[in-house]
Amino acid sequence: MRCRLKVIVAEDNRLQRVILSRMVESLGYQVVVAEDGQEALDLVRETDAQIVLSDFHMPKLNGIELTKKVRELNLDHYVHIIMITGRDEDDLRAEALEAGVDDFLTKGQSPVLLKARIRSATRLVQHAEALAESNRILRETHERLEQDLRSAANAQRQLLPDIHKEILGFRISAMFVPSSFVSGDMFGCFPLSDNKLGFYAVDVSGHGVHASLLSVAIGHLITPEFFKTKVLETPDLPDPAALVSDLNHRFSGRDNDDYFTMFCGVIDSETGRLEYCQAAYPSPHYVRPCGKVETVGDGGFPVGMFPEAEYENNSLDFECGHSLVICSDAVPEAENMRGVPFGIDRMNGIVSKMPDLGIDELPDTLVRALTDWRDGRALEDDLTIVALERTRPNDTHRRTQL
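Keep in mind that this is a model prediction, so the values were computed, not measured.

Draft legend 1. Inspection of the nonpolar core at higher detail. Counting residues in hydrophobic clusters, the biggest one holds 28 residues, and the most contacted among them are Tyr 200, Phe 227, Leu 247, Phe 260 and Met 262. Elements with a minimum of two residues in this core: β8 (185-191), β9 (196-204), α6 (208-221), α7 (224-231), α8 (240-251), β10 (260-268) and β11 (273-279). When residues of this core are assigned to their parent elements, the largest contribution, 5 residues, is made by α8. Excluding its chain neighbours within four sequence positions, the residues that come into contact with Leu 247 are Leu 221, Ile 222, Phe 226, Phe 260, Met 262 and Val 303.

Quick look at the structure:
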């Protein structure tokens, strides 16, 4: 059952106080009386009264002074104040409104007007309560969603590889930074045989939960066995384009506008031959020991956008001491406070220093540079950095999946 609203009646004249109290009680409210402004202020602090009916002329604190003190309180609810003035005190109303008075009643007016004022205040109070309850529910829902997103982000991170590994004579260093709790990026790197290393990077269009769900689905699908089955149907002729074509067939649909970009490849650790397929993913950077940087690939179609799209393989001789740096477009597109993008040139300048920085340090260096560029603001797009360095001609002893 709903509790009766409390109304503080602040009036120093005993007769007027009794009359006002009985009128308010007759309307079904619980009345709390105050003989002066200070007592009324104390009652506002000590009770949950949300309506104050106050005379202007009171000792200790007059009606305007009381209103100012009430508005300075840090309450969890709004207090609706109705001030009673004399017939010749209209000039006080501007000052009272400025102080925070909500409504006025002229002494001697009909009880019908008092009833109307109180009922109007009640509707506002009830509306404020309903709004506060809605805000509470929204806040709790938001907190639960944030908790769920954090859990989803942790689960998603578990699907991503360790950031530092050595496989088949290659040193791999990777990092990803989601633009929100969850990410639309996914990548992987794993041995396919004693001398074949496979890797891929995916960037789902859009951001947030929807992109994350698709990236997780892709991550679950592209297992080492799946990758190997599609790419090494003929072991001596790696075919990464076959993997991309299969994914395009799976994710293309008339009722679905989801798509993603992708770069994947297979490296022969004995010969250093890299066979790769690019599907609209940003071109990786091939870095020589002298610091010279070359872009790899020339575009291709996104995956899942055009069912009839065809994908092709390209090759590169990956020499010892050389590196391949794969970055999502969050790096060049990151804008500073003036709206200037980080750009390819700044990115190349950092990548070219990798022979001095070392492959393990490069991802951190890029992220720090982007953080400085954006004055500490979070990125607006998911960031993935995967770097591979060929350290030895062959290493068949390390087959731990990355």
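Draft legend 2. The arrangement of the pattern of salt bridges in detail. Summed over all chains, the structure comprises 19 salt bridges. In this structure, Glu 133 engages Arg 136 in a salt bridge whose closest nitrogen and oxygen atoms are separated by 2.4 Å. Taken as a pair, Glu 133 and Arg 136 lie in helix α5 (residues 111-159) at a separation of 3 residues, close to a single helical turn. By relative accessible area, Glu 133 is classed as partly exposed at 36%. Accessibility expressed as a relative area gives 30% for Arg 136, which makes it partly exposed. In this structure, Asp 246 and Lys 230 form a salt bridge, with 3.1 Å as the shortest nitrogen-oxygen distance. With Asp 246 in helix α8 and Lys 230 in helix α7, the pair connects residues that are 16 residues apart, well separated along the chain. Judged by its relative accessible area of 18%, Asp 246 falls in the buried class. For Lys 230, a relative accessible area of 23% corresponds to the partly exposed category. Shared partners join several salt bridges into a network, and the residues in it are Glu 133, Arg 136 and Glu 140.

Draft legend 3. Representation of helix α12 (residues 362-373). The terminal C-alpha atoms of α12 lie 16 Å apart, and with 12 residues this matches the ideal 16 Å at 1.5 Å per residue to within 8%. Among the residues of α12, Leu 362, Pro 363, Thr 365, Leu 366, Val 367, Ala 369, Leu 370 and Trp 373 are the ones counted as buried. Where α12 is buried, its residues contact β7 (170-177), β15 (323-327), α9 (330-333), α10 (343-351), α11 (354-357) and β16 (383-390). Asp 375 sits one or two positions beyond α12 and adopts a positive phi of about 55°.

Draft legend 4. Here's a closer look at the sheet that holds β7. Strand order in this open sheet of 6 strands is β6-β7-β16-β15-β12-β13, and the pairing throughout is antiparallel. Each edge of the sheet is formed by a strand with only one pairing partner; in this case those strands are β6 (164-167) and β13 (293-295). Taking each pair of neighbouring strands and ignoring which way they run, the sheet shows an average axis angle of 20°. With 8 bridges joining them, β7 and β16 adopt antiparallel strand pairing. By the bridge assignment, Ala 174 is partnered in β16 with Val 386. Across the face of the sheet, α10 comes into contact with β12 (285-287), β13 and β15 while running at roughly 30° to β12. Set on the sheet, α12 makes contact with β7, β15 and β16; between it and β16 the angle comes to about 150°.

Draft legend 5. The arrangement of the layout of surface pockets in detail. In this structure, the second largest pocket spans a volume of roughly 200 Å³. Considering the residues around the second largest pocket, the lining is formed by 14 residues, among which Gln 16, Leu 20, Lys 107, Gly 108 and Gln 109 are closest to the centre. Contributing elements (two or more residues each) for the lining of the second largest pocket: α1 (14-26), β5 (103-106) and α5. Ranked by residue count, the leading element in the lining of the second largest pocket is α1, at 4 residues. Each residue belonging to the lining of the second largest pocket can be placed in one class, and the counts come to 7 nonpolar, 5 polar and 2 charged.

Draft legend 6. Looking closely at the pairing of β15. In terms of burial, β15 is a largely internal element, 5 of the 5 residues being buried. The two faces of β15 match: Ser 323, Val 325 and Cys 327 on one face and Leu 324 and Ile 326 on the other face are all buried. Where β12 and β15 come together, 3 bridges link them in antiparallel fashion. Across the sheet, the residue bridging to His 285 is Val 325, located in β15.

Draft legend 7. Looking closely at the environment of Ala 128. Mapped onto the elements, Ala 128 comes out in helix α5. Classification of Ala 128 by relative accessible area gives partly exposed; the value is 33%. On a C-alpha basis, the gap between Ala 128 and Tyr 78 in space is 7.5 Å, while along the polypeptide they are 50 residues apart.

Draft legend 8. Here's a closer look at the confidence of the model for the protein. Looking at the protein as a whole, the pLDDT averages 86, with 89% of positions reaching at least 70. The secondary-structure element of the protein with the lowest mean pLDDT is α5, recorded at 76, while β11 shows the highest, at 96. The low-confidence segment residues 395-402, where pLDDT is below 50, has 24 contacts with residues more than four positions distant or belonging to other chains.

Draft legend 9. Layout of the side chain of Asp 258. When you line up the elements, Asp 258 lands in the loop between α8 and β10. Of the side chains bearing the opposite charge, Arg 250 lies closest to the buried Asp 258, which forms no salt bridge; the N-O distance is 15 Å.

Draft legend 10. Quick peek at unusual backbone geometry. A positive phi is found at Leu 168, a non-glycine position, where the angle reads about 50°. Here Leu 168 lies in the loop between β6 and β7. Take Leu 168: its relative accessible area is 0%, and that puts it in the buried class. Backbone geometry places Ala 280, a non-glycine residue, at a positive phi of 65°. Structurally, the position occupied by Ala 280 is in the loop between β11 and β12.

About the thresholds
Residues numbered from 1 in each chain as written. Predicted model: local features only at pLDDT ≥ 70, side-chain atom pairs only at ≥ 80, totals over all residues. Heavy atoms only, no water. Core = buried A, V, L, I, M, F, W, Y, C linked by side-chain atoms within 4.5 Å. Buried < 20%, exposed > 50% of the residue type's maximum accessible area, 1.4 Å probe, protein only. Helix = DSSP H or I, 4+ residues; strand = E, 2+ residues; numbered from the N terminus. Contact = heavy atoms within 4.5 Å. Salt bridge = Lys/Arg side-chain N within 4 Å of Asp/Glu carboxyl O. Expected span 1.5 Å × (residues − 1). Pairing = 2+ DSSP bridges. Axes fitted to C-alpha atoms, helices over the stretch in contact; angles between N-to-C directions. 1 Å grid on protein atoms, 1.4 Å probe; cavity = no way out; pocket = protein on both sides within 12 Å on 5 of 7 lines; lining within 4 Å. Points joined across faces, edges and corners; volume = space filled by probe spheres on them. Nonpolar A, V, L, I, M, F, W, Y, C, P; charged D, E, K, R; others polar. pLDDT = per-residue confidence, 0-100. Lys, Arg positive; Asp, Glu negative; His and termini not counted.

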